[in-house]
Amino acid sequence: MRMGIIADVHGNVEALNACIEALHAANVSRLVCLGDIVGYGAEPNECCDVIRSVCDTTVLGNHDAMVVGLLDLESCHEAAQQGIRYAAGQLTVENIEWLKSLQYRADEDDTTFCHGSPLDAEEFDYVFTLRAGAELNETYDALSRVSFVGHSHLTVAYLVTNRMVLQLSAPLFQLHNGVKYVFNCGSVGQPRDRDHRACCVVYDDQEQTVTYLRVAYDIRSASEKIVRAGLPSIFAERLYSGT
């Protein structure tokens, strides 16, 4: 099966639609969303509608949890809080109830999908530092063979054994037996790895490959919507820099 994985859409429907089109062109047979559908961008409701219609599996992100009252708003900075309040005012009752229904993680055939660290999905911890890598090594037995996470907006991956962990970054990975992997899947709607293109992932469980796709989209349209919505201008500016 070829699976398309998206994360951190953050109200950017232009980037979301471009990634979905690219994933279908890559012949994926199903789509998974790793959460943070809302926040930062101007079209949280439209993004929820799209995700609900195309994704077979969706897990809860921290911004999603905050917008429906499952996580304290004070857990993020003031600008992000503005984005959450804006999203809360845009979402339909139906989409709010859908977000409330999402689980923190999904597990399928020794594969885990969650927004933050797979070690405790409800805590929304980041997995992109050497310290986080060491924690993966320390809890090797608790990990699925392959885990896909969001939250960091980065494209860092970890190869984990019961003795060591390697931090890696590449556009294509060939998976090997006898080790485990944790992949940060980048961000659809607000990349922060110095590449402004939207990011999504293809996981082929037959060929045992993980591929990062970078997808161009209409940044100008997405950024202008943010400005018109009265959201913090930094949300629009960083779309151009990918930081």
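The structure we're discussing is the one just above.
Nothing here was measured: the structure is a model prediction, and the numbers come from that model. (Residues numbered from 1 in each chain as written. Predicted model: local features only at pLDDT ≥ 70, side-chain atom pairs only at ≥ 80, totals over all residues. Heavy atoms only, no water.)

Caption draft 1: Quick peek at the layout of surface pockets. In this structure, the largest pocket encloses a volume near 220 Å³. The wall of the largest pocket is formed by 16 residues, among which Tyr40, Asn62, His63, Tyr126 and His151 lie closest to the centre. Of the residues that constitute the lining of the largest pocket, the class distribution is six nonpolar, seven polar and three charged. As for the second largest pocket, its lining consists of Met1, Met3, Arg30, Glu108, Asp109, Asp110, Thr111, Phe113, Arg145, Val146, Tyr203 and Asp205. Looking at side-chain class alone, the lining of the second largest pocket contains five nonpolar, one polar and six charged residues. (1 Å grid on protein atoms, 1.4 Å probe; cavity = no way out; pocket = protein on both sides within 12 Å on 5 of 7 lines; lining within 4 Å. Points joined across faces, edges and corners; volume = space filled by probe spheres on them. Nonpolar A, V, L, I, M, F, W, Y, C, P; charged D, E, K, R; others polar.)

Caption draft 2: Summary view of the sheet that holds strand β4 (residues 105–108). An order of β4-β5-β6-β10-β7-β8 is seen for the six strands of this open sheet, with the pairing classed as mixed. Of all the strands in the sheet, just β4 and β8 (165–168) have a single pairing partner and so form its edges. Pairwise comparison of adjacent strand axes, ignoring direction, gives a mean angle of 15° for this sheet. Of the pairings in the sheet, the one linking strand β7 (residues 157–160) to β8 comprises four bridges and is antiparallel in character. (Pairing = 2+ DSSP bridges. Helix = DSSP H or I, 4+ residues; strand = E, 2+ residues; numbered from the N terminus. Axes fitted to C-alpha atoms, helices over the stretch in contact; angles between N-to-C directions.)

Caption draft 3: Representation of a negative patch on the surface in the model. Taken together, the side chains of Asp120, Glu122, Glu123, Asp125, Glu135 and Glu138 make up a negatively charged region of the molecular surface. Counting through the fold element by element, glutamate 138 comes out in helix α6 (residues 130–138). (Patch = residues over 30% accessible without salt bridge, like charges linked within 9 Å, V, L, I, M, F, W, Y side chains within 5 Å. Areas by Shrake-Rupley, 256 points an atom, 1.4 Å probe, with all protein chains shown as cover. Salt bridge = Lys/Arg side-chain N within 4 Å of Asp/Glu carboxyl O. Lys, Arg positive; Asp, Glu negative; His and termini not counted. Charge placed at Lys NZ, Arg CZ, Asp CG, Glu CD.)

Caption draft 4: Main features of the pairing of β4. Here β4 pairs with strand β5 (residues 111–114) via four bridges, running antiparallel. Residue pairing across strands places alanine 106 opposite phenylalanine 113, the latter belonging to β5. In this antiparallel pair of consecutive strands, β4 and β5, the connection spans two residues, and aspartate 109 shows a positive phi of 50°.

Caption draft 5: A look at the packing of helix α2 (residues 44–54) against helix α5 (residues 93–101). Relative to each other, α2 and α5 sit at 60°, their axes nearing to 10 Å. Judged by the inter-axis angle, α2 sits oblique to α5. Helix-helix and strand crossings are classified by hand; for α2 and α5 the assignment is left-handed. Between α2 and α5, the contacting residues are Asn45, Cys48, Asp49, Ile51 and Arg52 on the first element and Glu94, Asn95, Trp98 and Leu99 on the second. (Parallel < 35°, antiparallel > 145°, perpendicular 65-115°, else oblique. Left-handed = near helix turned anticlockwise from the far one by under 90°. Contact = heavy atoms within 4.5 Å.)

Caption draft 6: Representation of empty space enclosed by the protein in the model. Across all of its chains, the model carries one cavity of 30 Å³ or more by this definition. Taken as a whole, the largest cavity spans an internal volume of roughly 80 Å³. Those elements that provide at least two residues to the lining of the largest cavity are α7 (219–228) and α8 (233–241). Looking at the lining of the largest cavity, the element that brings in the most residues is α7, giving three residues.

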